[in-house]
Amino acid sequence: EKGGNIPDWFSNPDPIENTILANGEGVSNSKRGATSKAKQLIKADFQSKAKSIVSGRTEDFFKETGEGASSEVYSAFEEITTSVMEGAVENWFEIKSTTVVEKSVKADGTPYNVYRHYILGGIDQAAADRQLLAKLKREKELMPAFEQTKSYDKLLADLERYKDKL
């Protein structure tokens, strides 16, 4: 049998406020192997989403600061944002997982099991944003440029919203 038993929480996860979601599916002839593959895929999914966030924020920062800021300021902003998001990816947490055992048959007629592991995980966006702001505040040249942007206003508004939910 091939996996027709995909859990609904995996294929259509409910959004969780202040959380970036990702999922991974691993298939192996061992339960441990299936779990390991699923975890590798979820991490790759988070890395892709983190890269997209960094790219978007850096592009917005660049557009809004224009020619006024030095290339060192742009590089520092991108480096700090990347570092924060990489840390968030490393600290992803499991929301839900399950392993489905599927029966299969080898060419010679011998039955065997195939393990399919589904995992849904999250990254705490509020914690990542708080860490980003704290790191940016330590950068004397960068913070004044960042404070002039809509990205800064949005980050502060998001942090205020997170505070109400926590």
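In short, a report on the structure. (Residues numbered from 1 in each chain as written. Predicted model: local features only at pLDDT ≥ 70, side-chain atom pairs only at ≥ 80, totals over all residues. Heavy atoms only, no water.)

Focus on the nonpolar core
Line of reasoning, step 1. Core analysis: the largest hydrophobic core is formed by 33 residues, its most contacted members being Phe46, Phe61, Ile123, Leu136, Leu142 and Phe146.
Line of reasoning, step 2. For this core, the element with the most residues is helix H3 (residues 71–90), which contributes 9 residues.
Line of reasoning, step 3. Setting aside anything within four residues of it in sequence, one finds leucine 142 in contact with Phe61, Val73, Ala76, Phe77, Ile80 and Leu136.
Line of reasoning, step 4. Counting residues in each nonpolar core, the second largest holds 6 residues, with Trp9, Phe10, Leu21 and Val100 among its members. (Core = buried A, V, L, I, M, F, W, Y, C linked by side-chain atoms within 4.5 Å. Buried < 20%, exposed > 50% of the residue type's maximum accessible area, 1.4 Å probe, protein only. Helix = DSSP H or I, 4+ residues; strand = E, 2+ residues; numbered from the N terminus. Contact = heavy atoms within 4.5 Å.)

Some details on a negative patch on the surface
Line of reasoning, step 1. Side chains of Glu72, Glu78, Glu79, Glu139 and Glu141 sit close together on the surface and give a patch of like negative charge.
Line of reasoning, step 2. Mapped onto the elements of the fold, glutamate 79 is located in helix H3. (Patch = residues over 30% accessible without salt bridge, like charges linked within 9 Å, V, L, I, M, F, W, Y side chains within 5 Å. Areas by Shrake-Rupley, 256 points an atom, 1.4 Å probe, with all protein chains shown as cover. Salt bridge = Lys/Arg side-chain N within 4 Å of Asp/Glu carboxyl O. Lys, Arg positive; Asp, Glu negative; His and termini not counted. Charge placed at Lys NZ, Arg CZ, Asp CG, Glu CD.)

Some thoughts on the pairing of strand E2 (residues 93–105)
Line of reasoning, step 1. Note: E2 against strand E3 (residues 111–124), 12 bridges, orientation antiparallel. Residue serine 104 lies in a different strand from E3, and its bridge partner there is tyrosine 112.
Line of reasoning, step 2. Linking two consecutive strands that pair antiparallel, namely E2 and E3, is a turn of 5 residues; a positive phi of about 95° is found at glycine 109 within it. (Pairing = 2+ DSSP bridges.)

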